[in-house]
Amino acid sequence: MEDSPHCLLHCELADEQALAIGRLMASTWPKPGKDAAIRAASLIKLGADAHGPEALASRSFVVLDGTKVIAHAAMQPRELQTTAGPLWVMGLGAVCTDGAYRGQGLGTTIVKAAFEMIDAGVAQHSLFQTSHEVRPFYEKLGSCLVENRIVDSTADDPAANPFWDDVVMRYPAEADWPEGEIDLRGPGY
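As the structure is a computational prediction, the values presented were derived from the model and not from experiment.

Chemist: I tried to follow the pairing of strand E5 (residues 126-130) on my own but got confused; where do I start?
Modeler: Walk down a regular strand and you will see the side chains alternate between the two sheet faces. Counting buried positions over the five residues of E5 gives five, a clear majority of the element. Every second residue of E5 is oriented toward a common face, with Ser126, Phe128 and Thr130 on one face and Leu127 and Gln129 on the other, all of them buried. Across two bridges, strand E4 (residues 85-97) lies against E5 in parallel orientation. Its bridge partner lying in E5, glycine 91 is registered against leucine 127. Considered for its hand, the β-α-β crossover made up of E4, helix H3 (residues 106-119) and E5 is right-handed. Where E5 and strand E8 (residues 167-171) come together, five bridges link them in antiparallel fashion. Along E8, the bridge assignment pairs leucine 127 with arginine 170.

What follows is the structure in structure tokens.
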């Protein structure tokens, strides 16, 4: 097993890399119609549909055991509309660890690797959703709760919260964050 995460830009993902990530995602969140190949195609589409500054390119961070992806986190750019004006963030998503490797700190390793983009100044914040059970994990890594109302002006019901999990968080906790409504300007992730 390799200890350090690899960063893979979605616009450069080879089919076999995307499929390896797709396998982990499908085993973590099994759903009818969302097998490994469908999830891999979604990652490749993220890269193909990318817009915005090149430094913010959509990417996956992975930990490998040979060629098997055993931990994963994705970061994708999103330009939000806030009361203070437009704000580019990196959306954290698809954070998962292979069940056979849990308890080894890989979740911490992979999320820290993703958050290094923010620490390096690529974007001011990472914005993401999670559950109440997982919230303390992210708080230990320097994240905090977002209490703003979140909407999606592009949705059929623009006033509805586009996130499906109970908790919305941002990283880093100590950075300035706008007050008031946040418009994701697209679906939740």
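Chemist: Before we go on, may I ask you to explain the side chain of serine 58 in this structure?
Modeler: Among the secondary structure elements, serine 58 is positioned in the loop between helix H2 (36-48) and strand E2 (59-65). Within the structure, serine 58 has its side chain in polar contact with the side chain of histidine 10 (distance 2.4 Å). Leave out the neighbours within four places in its chain, and serine 58 touches Leu9, His10, Leu46, Met75, Gln76 and Pro77.

Chemist: Quick question: what am I supposed to make of the side chain of serine 60 here?
Modeler: For serine 60, the location among the structural elements is in strand E2. You can call serine 60 buried: its relative accessible area is 0%. Side chain to side chain, serine 60 and histidine 10 meet in a polar contact 2.7 Å long. Apart from the residues lying within four places of it in its own chain, the contact partners of serine 60 are His6, Cys7, Leu8, His10, Ile21, Leu43, His72, Ala73 and Ala74.

Thresholds, definitions, all that
Residues numbered from 1 in each chain as written. Predicted model: local features only at pLDDT ≥ 70, side-chain atom pairs only at ≥ 80, totals over all residues. Heavy atoms only, no water. Buried < 20%, exposed > 50% of the residue type's maximum accessible area, 1.4 Å probe, protein only. Helix = DSSP H or I, 4+ residues; strand = E, 2+ residues; numbered from the N terminus. Pairing = 2+ DSSP bridges. Right-handed = clockwise from strand over helix to strand, strands pointing away. Polar contact = N/O pair within 3.5 Å; in protein donor to acceptor, adjacent residues only side chain to side chain. Contact = heavy atoms within 4.5 Å.

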